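# Report on the structure
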Amino acid sequence: MDEPSYKVGLQSLQEVDPEMAATIEEEEKRQQKNLIMIASENLVSRAVLQAQGSVLTNKYAEGYSGARYYGGCTYVDQAESLAISRAKEVFSAEHVNVQPHSGTSANMAVFLALLKPGDKLLGMDLSHGGHLTHGSKVNISGLYYQSFSYGVNRETGMIDLDNVRKVAKEVQPRLIIAGASSYPRFIDFEGFASIAKEVGALFLVDMAHTAGLVAAGVHPNPVLHADLVTATTHKTFRGPRGGMIFCRSEYAPAIDKAVFPGLQGGPLMHIIAAKAVAFKEAQLPGFVAYQEKVVANARALAKGLAAEGFKLLTGGTDTHLVLVDLRSNDISGRDAEALLESVSITVNKNVIPYDPKGANDPSGIRLGTPTLTSRGMETGQMLEISSLIAETINYRHENDRLDKVRNRVAELCSAYDVYNF
Ligand code: DSN
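Report follows, based on the coordinates. Note that residues are indexed from 1 along each chain, following the sequence as it is written. Selection of residues for local features in this predicted model requires a pLDDT of at least 70, selection of side-chain atom pairs for listing and counting requires 80 or more, and totals for whole chains, interfaces and linings are taken over all residues. Computation of side-chain values covers all heavy atoms of the structure but excludes hydrogens and water.

### Some points on helix H12 (residues 287-307)
Helix and strand labels come from DSSP, where a helix needs a run of H or I of at least four residues and a strand needs a run of E of at least two; each type is numbered from the N terminus. Expected span, for any helix, means 1.5 Å times one less than how many residues it has. Over its 21 residues, H12 runs 30 Å from end to end, which matches the ideal 30 Å to within 8%, given 1.5 Å per residue. Note on exposure labels: buried denotes an accessible area under 20% of the residue type's maximum, exposed denotes more than 50%, and partly exposed covers the range between, all computed with a 1.4 Å probe on protein chains only. Three or more residues of H12 are buried, namely Phe-287, Tyr-290, Gln-291, Val-294, Val-295, Asn-297, Ala-298, Ala-300, Leu-301, Ala-302, Gly-304 and Leu-305.

Encoded structure:
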C-alpha cells in the first residue's frame, strides 16, 4: 500500500531540501577550513548534536518536571531532571533553571524576578568589555531599568574595585552585575559580593564566557559568591546553544516563575536534553584537561602575539580570550577582521576600552582558543598562529606572503579535523 502523501516525511534532508542541505554542508566545510578564533564559539560533541537533533523537539512541556501543563511528559521530565541534578553538581549550586533559551533570556528572567521597571542596575560598560544585556541603553536592560556602568582602569585595563565601590555608593543600585564578553582577566567575585553587601544590592554574575572554565575549576566559581549566576551553555562550556540560571534557594521560586510563565512558554526539550549531555561531559575524564588546555593555549597565543609586537589589553590573559589593541598597527578592527578572514582565520572586530572609534569600526580584535582547542591544537600551534596573524597584518599588501599564510592555514586545518564521523 502506498503511504499517504500527508504522512510525516521520512526522506532525508538531502532529498527534501537539497538547497538547505548544501548550505549546511558549506557551513560544515567553513568550520573545517577556517581557524575559528571567535572567543564565544566552540564545537559540540557528536553526542550533544544527537540529543539536539532528537525527537524531543516534538514535545510540549510547559511547566517543570512533575508539574507540566501537558500529558506525556514522563521522558522529558527525566531529561530535565537529569540536566538539573548534573548542573547542580558541576557548579555546586543550590538551584538551577535550565530552561532559558539563551544568555539574554536568562538575564531577562533575573531582572523580571527581582527588579521592578525603573529600578537601578549597575553593570560593566559594554564598550569596556561588558555584555549588551547588562544595561546597554539600546537593550531592554537599559530601556526598562535605570542602568549605570563601571569600566576598567585606563592605564591597566583592569576592573578597579575601588572605582566599582565608589560608583555603587553613588548609584545605590538594586542589582550589581559582574561578567564580561571581552575582558581577559579573572574577576574578583568575592570583592564584588562585598561591595553589593555594603550598598544593599543583589549580586548577579553572568559567567556566559567562562562557564566551562568554572566547571573545570580553572576559574573561580561565582556560584559560591553571587546571589544569582547566569550563563550560556555554548561558549567555553561546549554544550548546545542555550542559557541557564543558578541561584540561592531563596530566589528559586521567583526565578522559576520568571522563566515560565513570565518570559517563556514551552521549553526546548531537545536542547535541555543536549544540555544534560554537556553537563555529563563536564564530569567525564578529559574535560578538566580540555579547559586547562584552553587557558594554556590562550596564554601561548598572548605570548606569541606580544612577541610579534601586538599590544594586548592587560598585557595577557587568565582565560580563553585575548583582546588586541590595533591602534599602533595602522589598521582598524573591521579591516583586520576582513583581512584575517581572507586567509581563513576567523576573528571578530571588538571595541577596546576608551576606544576612540565606534563599535562598527573599532580599534581592536578579540581572539579565543575554545574551538581550536576542541580540534586538538596545542600551544605550539598557538605560537605559530600568532606568527601567521602577524604576517597577515604586517604584510597585508604582499600577496605572495598572504598566499603562503593561506597554504599554511589550510595545512593546519586539514591536520586538525573538526568532525570526522
Ligand atoms: N555575543 C556574545 C559574545 O560574543 O561575547 C556575548 O554574549
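### Some words on the sheet that holds strand S14 (residues 348-350)
In sheet architecture, strand pairing relies on hydrogen bonds along the backbone and comes in two forms, parallel and antiparallel. Between any two strands, pairing holds if DSSP finds at least two bridges. Strand order in the open sheet formed by four strands is S11-S12-S15-S14, with antiparallel pairing between adjacent strands. Only two strands of the sheet have a single neighbouring strand rather than two, namely strand S11 (311-312) and S14. As paired strands, S11 and strand S12 (residues 321-325) are joined by two bridges and run antiparallel to one another. Within the sheet, the bridge partner assigned to Lys-311 lies in S12 and is Asp-325. Along the sheet, helix H13 (residues 333-342) contacts S14 and strand S15 (364-368); its crossing angle with S15, the most-contacted strand, is approximately 45°. Whether two residues touch is decided by their heavy atoms; if any such pair falls within 4.5 Å, the residues are in contact. Structural elements are reduced to axes, namely lines fitted to C-alpha atoms, with helices fitted over the stretch in contact, and the angle between N-to-C directions of any two is expressed from 0 to 180 degrees.

### Thoughts on the environment of Gln-32
Structurally, the position occupied by Gln-32 is in helix H2 (residues 18-33). On the accessibility criterion, Gln-32 (17% relative accessible area) is buried. Expressed as a C-alpha distance, the spacing of Gln-32 and Asp-417, which sit 385 residues apart in the sequence, is 6.6 Å. Each residue touching Gln-32, except ones within four places of it in the same chain, is listed here: Arg-375, Cys-413, Ser-414, Tyr-416, Asp-417, Val-418 and Tyr-419.

### Notes on the site of the ligand
Put simply, a residue is near a molecule or strand once any heavy atom of it comes within 4 Å of that molecule or strand. As a matter of local geometry, the ligand sits amid Ser-40, His-131, Ser-181, His-209, Lys-235 and Arg-366. In the analysis that follows, any N or O atom pair within 3.5 Å is treated as a polar contact, provided that within protein one partner can donate a hydrogen and the other can accept it, and provided that, for residues neighboring in sequence, both atoms belong to side chains. Contact between the ligand and His-131: an oxygen atom at 3.3 Å from a side-chain N or O atom of the residue. Between the ligand and Arg-366 there is a distance of 2.8 Å, counted from an oxygen atom to a side-chain nitrogen or oxygen. We get accessible surface area from the Shrake-Rupley algorithm with a probe of 1.4 Å; when it comes to residues, only the shown protein chains can shield them. Contact with the protein chains hides 59% of the accessible area of the ligand, taken as 240 Å² for the molecule alone. Broken down by class, the residue content of the shell around the ligand amounts to no nonpolar, four polar and two charged. Amino acids are sorted into nonpolar (Ala, Val, Leu, Ile, Met, Phe, Trp, Tyr, Cys and Pro), charged (Asp, Glu, Lys and Arg) and polar (every other residue, Gly among them).

### Section: the nonpolar core
One recurring pattern in soluble globular proteins is that nonpolar side chains are buried together. Among buried residues, those of type Ala, Val, Leu, Ile, Met, Phe, Trp, Tyr and Cys that are joined through side-chain atoms within 4.5 Å constitute a nonpolar core. Grouped together as the largest cluster of nonpolar side chains are 59 residues, with contacts concentrated most on Phe-91, Ile-159, Ile-176, Phe-192, Met-207 and Phe-246. Of the residues forming this core, the biggest block, seven residues, is contributed by helix H11 (residues 269-281). Apart from residues no more than four positions distant in its own chain, Phe-91 is found in contact with Met-207, Ala-211, Val-214, Ala-215, Asn-221, Val-223, Phe-237, Met-244, Phe-246 and Phe-279.

### Describing the pattern of salt bridges
Just to be clear on terms, a salt bridge is a Lys or Arg side-chain nitrogen sitting within 4 Å of an Asp or Glu carboxyl oxygen. Scanning the model with the defined rule gives 21 salt bridges in all. Of the charged contacts, one joins Arg-334 and Asp-361 as a salt bridge, the two residues approaching to 3.4 Å between their closest N and O atoms. Pair noted here: Arg-334 is in helix H13 and Asp-361 is in the loop between S14 and S15, with a separation of 27 residues, a long-range link. One salt bridge connects Glu-391 with Arg-401, and the closest N-O pair in it is separated by 2.7 Å. Placement of Glu-391 in helix H15 (residues 379-394) and of Arg-401 in helix H16 (residues 399-415) is noted, with a sequence separation of 10 residues between them. We classify Glu-391 as partly exposed; its relative accessible area is 22%. Through salt bridges that share partners, Asp-162, Arg-165, Lys-169 and Glu-198 make up one connected network.

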